[in-house]
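Understanding the architecture of this molecule
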Amino acid sequence: MLNPLIIAYPFLHESDACGRIEQQFFSRLPQENFASTIVCSELRCDGKYGEGFNKIVIPESKLIYNLFRVANRLKISDYLFLPDYQKLAWNSKVLSQLENEVKSGKYDYVHTINMPCSSHLIGLELKKKYGIPWVAQFYDPWYNNPYRQQQRSIVHSRDAKYEKEVAINADLILHSNQLMIDDWSQTYGEIINNKIFVLPYIIDEREICTRTDDSDFLTISHIGNLMRGRNSVVFIKAVAKLVSQYSDLQNRLRVNYVGTITEAEEALIRQEGLDGVFNITGRITDVECNKYFAESDVFLAIDTEHLHNVFFPSKLLNYFYYQKPIIGLCQKESVLRMELKASNNFVFDYDDVDGLAEFLMEVVNGKRKLAVNDKSYWEKFSAKTVIGQYMKLIKNLCI
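Everything numeric in this text was worked out from a predicted model, so none of it was measured. Positions within a chain are numbered from 1, following the residues in the order the chain's sequence is written. Side-chain atom pairs in this predicted model are given and counted only at pLDDT of 80 or more, local residue features only at pLDDT of at least 70, and totals for whole chains, interfaces and linings cover all residues. With hydrogens and water stripped out, all remaining heavy atoms of the structure feed into the side-chain values.

A look at the confidence of the model for the chain
Note the threshold: Confidence of the prediction at every residue is given by pLDDT, a number between 0 and 100. A run of H or I in DSSP becomes a helix once it reaches four residues, and a run of E becomes a strand once it reaches two; helices and strands are each numbered from the N terminus.
Across the chain, the average pLDDT comes to 89, with 94% of residues at or above 70. Per-element confidence in the chain is highest for strand S6 (residues 172–175), whose mean pLDDT is 98, and lowest for helix H3 (residues 77–80), whose mean pLDDT is 77.

The structure is reproduced here in structure tokens:
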């Protein structure tokens with residue numbers, strides 16, 4: 001029986017993507033092998049979410065949080081709160097409460113997860129002071145994260161230094177995809193080559209809903225929010241090009257946008273006269289989404305505008321689980337492109353209006369087979385597969 005100490009700041013925050021991923025994973029660790037203690041923040045705790053876990057809930061400093069908000073408005077937060085405000089608002093409280101237990105040998109290893117990035121600095125300090133085996137897991141990139149790039153070079157270099165210390169001192173480094181590992185291997189070389197691995201997210205293996213309508217429409221669905229920086233303008237233009245050439249497609253093609261979309265996308269749909277083709281649901285519940293997973297013939301996935309995109313798009317988990325073909329609008333270097341190619345799905349360059357329009361025409365006319373995707377690919381993300389990988393890595397770490 002192993003006793004891991006898990007530093008999972010957003011664990012109780014149900015509407016936080018990292019919190020949901022953490023619960024999905026740690027709820028599936030076999031209790032006969034792991035007696036996990038999960039350290040998390042109470043901030044934005046969502047009611048009873050997280051019941052059944054052995055938790056240590058540590059409040060963060062609301063004063064520090066409010067100071068951070070002021071500094072952020074003044075655009076000086078990079079200087080005062082690096083890598084994030086939790087370093088000052090939460091880390092010291094965690095360390096003061098847990099250091100004696102770690103020192104006494106109560107835990108077999110510590111497992112830290114970002115976001116926030118500063119969670120890894122807790123693991124770094126415990127590793128340096130007490131020599132406890134340390135797993136550093138990254139759901140998102142740190143230093144090369146385009147959403148947290150500092151504007152000042154002196155701050156940027158400090159952020160890089162933090163990440164490098166984690167890379168050097170962690171005993172085991174876990175990333176969600178191979179592209180992130182390739183980036184780290186290029187940056188840090190031999191010092192990490194024998195201790196860095198892919199550990200995928202886990203699919204929620206829910207009961208699959210069955211299709212209830214017998215429509216002859218080809219139904220393409222994007223399930224998830226679209227936003228500035230990741231939008232479907234290219235796809236809309238491809239559909240518009242088709243409809244302008246073949247007016248009867250209005251009666252043969254349906255596109256579901258399940259979630260929010262941008263005003264620009266809505267305006268383009270109206271401008272091209274595609275209101276009869278596109279069904280925009282707005283934000284709906286996970287349960288309501290099941291209907292659209294079931295009735296779709298094809299799923300649509302769209303990259304962000306970042307040319308080198310190392311983020312794993314979590315919507316792929318449900319797409320793979322439903323075993324239906326996927327159309328992807330992808331950057332040249334992206335996790336989305338890698339995963340769709342590996343699963344034998346359909347990949348188009350991010351700006352390829354003509355190629356996508358031609359492909360859709362062939363599909364609607366029955367000249368292109370869709371069902372060529374690898375229907376077993378979801379098993380790579382099954383709890384059985386992922387937990388099995390984790391247990392092997394931890395066994396090697398703790399022997």
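Now that the structure has been shown, the text picks up again.
A closer look at the layout of surface pockets
The cut-off we apply is this: In this analysis the probe radius is 1.4 Å and the grid spacing 1 Å, with only protein atoms considered; a cavity is a set of points the probe fits into but cannot get out of, a pocket is an open set with protein on both sides within 12 Å along at least five of seven lines, and lining residues have an atom within 4 Å of a point. Grid points are joined across faces, edges and corners, and a volume is the space filled by probe spheres set on the points. Three categories are distinguished: nonpolar for Ala, Val, Leu, Ile, Met, Phe, Trp, Tyr, Cys and Pro, charged for Asp, Glu, Lys and Arg, and polar for the others, with Gly belonging to the last.
Its boundaries defined by the atoms lining it, the second largest pocket holds a volume of some 210 Å³. Lining the second largest pocket are Phe 26, Ser 27, Leu 29, Gln 31, Phe 34, Ala 35, Ser 36, Ile 38, Gly 52, Phe 53 and Asn 54. For the lining of the second largest pocket, the per-class residue count stands at six nonpolar, five polar and no charged.

Some words on the packing of helix H8 (residues 233–245) against helix H13 (residues 353–364)
Worth spelling out the cut-off: Lines fitted to C-alpha atoms define the axes, with helix axes restricted to the stretch in contact, and inter-axis angles between N-to-C directions lie between 0 and 180 degrees. Here the word oblique covers every angle except those under 35 degrees (roughly parallel), over 145 (roughly antiparallel) and from 65 to 115 (roughly perpendicular). Left-handed describes a crossing in which the near helix is turned anticlockwise from the far one by less than a right angle; the clockwise case is right-handed. Throughout, a contact is declared for two residues whenever any of their heavy atoms are within 4.5 Å.
Relative orientation of the contacting elements H8 and H13 amounts to 55°, with a least axis distance of 8 Å. The angle between H8 and H13 falls in the class oblique. Every pair of crossing elements has a handedness; the one defined by H8 and H13 is right-handed. Residues Val 234, Phe 235, Lys 237, Ala 238, Val 239, Lys 241 and Leu 242 of H8 form the contact with H13, whose participating residues are Val 353, Asp 354, Leu 356, Ala 357, Leu 360 and Met 361.

Regarding the sheet that holds strand S4 (residues 109–114)
The line we're drawing: DSSP bridges decide pairing: two strands pair if at least two such bridges lie between them.
Taking strand neighbours across the sheet as the criterion, the seven strands line up as S3-S2-S1-S4-S5-S6-S7 in an open arrangement whose pairing is parallel. Since the sheet does not close on itself, it has two edges, and those belong to strand S3 (55–58) and strand S7 (196–198), each with one partner. Across the sheet, the mean angle separating the axes of adjacent strands is 20° when strand polarity is ignored. Where strand S2 (residues 37–41) and S3 come together, four bridges link them in parallel fashion. Bridge assignment links Ile 38 to a residue of S3, and that residue is Lys 55. Across the sheet, helix H4 (residues 86–103) is in contact with strand S1 (4–7), S2 and S3; its angle to S3 comes to roughly 140°. Docked against the sheet, helix H7 (residues 178–188) engages strand S5 (134–138), S6 and S7, running at close to 165° with respect to S7.

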